[in-house]
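Notes for the structure review
One-letter residues, chain by chain:
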Amino acid sequence: MILVNYLVGVVVFALGVAVILTRRNLVKIVMGLSLIESSGYLLLLSAAYRRGSTAPVLLKPPGGQSEQDLARGNVADPVLQNVCLTAIVIGVAVTAVLLVTVVRIAQHYRTLDADRVRDLRG
Amino acid sequence: MFWVLDYLCLAVVLTGAVLVVRLRNLAGAAMALSLVGTVLGLLFVVLGAPDDAHAQIVVGAIALPTLYLIAIGKVRTDVEDRTELGEPADDPDDRP
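Residues numbered from 1 in each chain as written. Chains lettered and ligands numbered in written order. Predicted model: local features only at pLDDT ≥ 70, side-chain atom pairs only at ≥ 80, totals over all residues. Heavy atoms only, no water.

Let's talk about the UniProt feature "transmembrane region" (unreviewed entry) in chain B
Residue and element names in this part refer to chain B. The cut-off we apply is this: UniProt positions are given in the numbering used here, feature names are shortened, and annotations may be inferred rather than shown by experiment. Numbering of helices and strands runs from the N terminus, with a helix taken as a DSSP run of H or I at least four residues long and a strand as a DSSP run of E at least two residues long.
Look at the UniProt record and you will see "transmembrane region" (unreviewed entry) annotated at residues 6-23, 30-47 and 53-72. The straight-line gap between the two end C-alpha atoms of residues 30-47 is 25 Å; of that span, 94% is helix and 0% is strand. Within the segment residues 53-72, helix and strand shares are 100% and 0% respectively, and the terminal C-alpha atoms sit 27 Å apart.

Below, the structure is given as structure tokens:
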């Protein structure tokens, strides 16, 4: 059941949100954002998968299948896979920028506690 | 066979995510995040996306843990000369 993939994606998303809401360590908050990104990849690729499909690389028909099967498109959805690839590349760049910001905050305020960074208080 | 591998990878991903939440040790949490990224890459192979698996293993297993460990190490370092930060002197009157 591909539904289990969706459920695990939702649970990982909820764990990431829980980390962001409950932890005060800034590095831990960035880790929660990484968890949310991972759940996004899982949801995209689970949506791209079809029953019994192969990778969308069409050198020759996979074993036990004719080219007519491929004409009906029994491969995973390449569009969603490309969206996922873009998300992975953007995700690592965003994580790097956030970590640099955290390091600067730690050098300036000498703390990693989000509640003790005074300029961020509302 | 497909569903066995699928559920196995999902279980490891879920365990790693719970470890990221539970571990107090920052370096340990970074390693748990690396575990999540690596096994997610294996799961992408199972789901028929080898290109995404390649990118995810390079990013999740190598690049992200390196970034996190460098950041954790930098955070623990004390800055000897505050002028090297390129900021104005730490004057209490400057603070809003």
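Moving on from the coordinates now.
A look at the nonpolar core
This is how it is decided: The term nonpolar core refers to a set of buried residues drawn from Ala, Val, Leu, Ile, Met, Phe, Trp, Tyr and Cys, joined through side-chain atoms within 4.5 Å. Each residue's exposure class comes from its accessible area (1.4 Å probe, protein chains only) as a fraction of the maximum for that residue type: buried when under 20%, exposed when over 50%, partly exposed otherwise. Should any heavy atoms of two residues lie within 4.5 Å, those residues are considered in contact.
Judged by nonpolar contacts, the single largest core of 53 residues is most densely connected at Val 27, Met 31 and Leu 112 of chain A together with Tyr 68 of chain B. Listed by contribution, the elements that provide at least two residues to this core are α1 (3-22), α2 (26-48) and α4 (78-109) of chain A together with α1 (2-22), α2 (26-46) and α3 (50-76) of chain B. Residue contributions to this core peak at 11 residues, all from α2 of chain B. Excluding its chain neighbours within four sequence positions, the residues that come into contact with Met 31 of chain A are Val 20, Leu 26, Ala 29, Ala 30, Leu 33 and Tyr 68 of chain B.

A look at the pattern of salt bridges
Residues and elements named next belong to chain A. Threshold: Here a salt bridge means any side-chain nitrogen of Lys or Arg lying within 4 Å of a carboxyl oxygen belonging to Asp or Glu.
Across all of its chains, the model carries 2 salt bridges over all chains by this definition. Here Arg 24 ties to Asp 113 by a salt bridge, and the two come within 3.5 Å at their closest N and O atoms. Within this pair, whereas Arg 24 is found in the loop between α1 and α2, its partner Asp 113 is found in the segment after α4, the two being separated by 89 residues in sequence. Arg 24 serves as the salt-bridge partner of Asp 115, at 3.0 Å between the closest nitrogen and oxygen. Here Arg 24 lies in the loop between α1 and α2 and Asp 115 lies in the segment after α4, a separation of 91 residues in the sequence. Using a relative accessible area of 46% as the deciding quantity, one classes Arg 24 as partly exposed.

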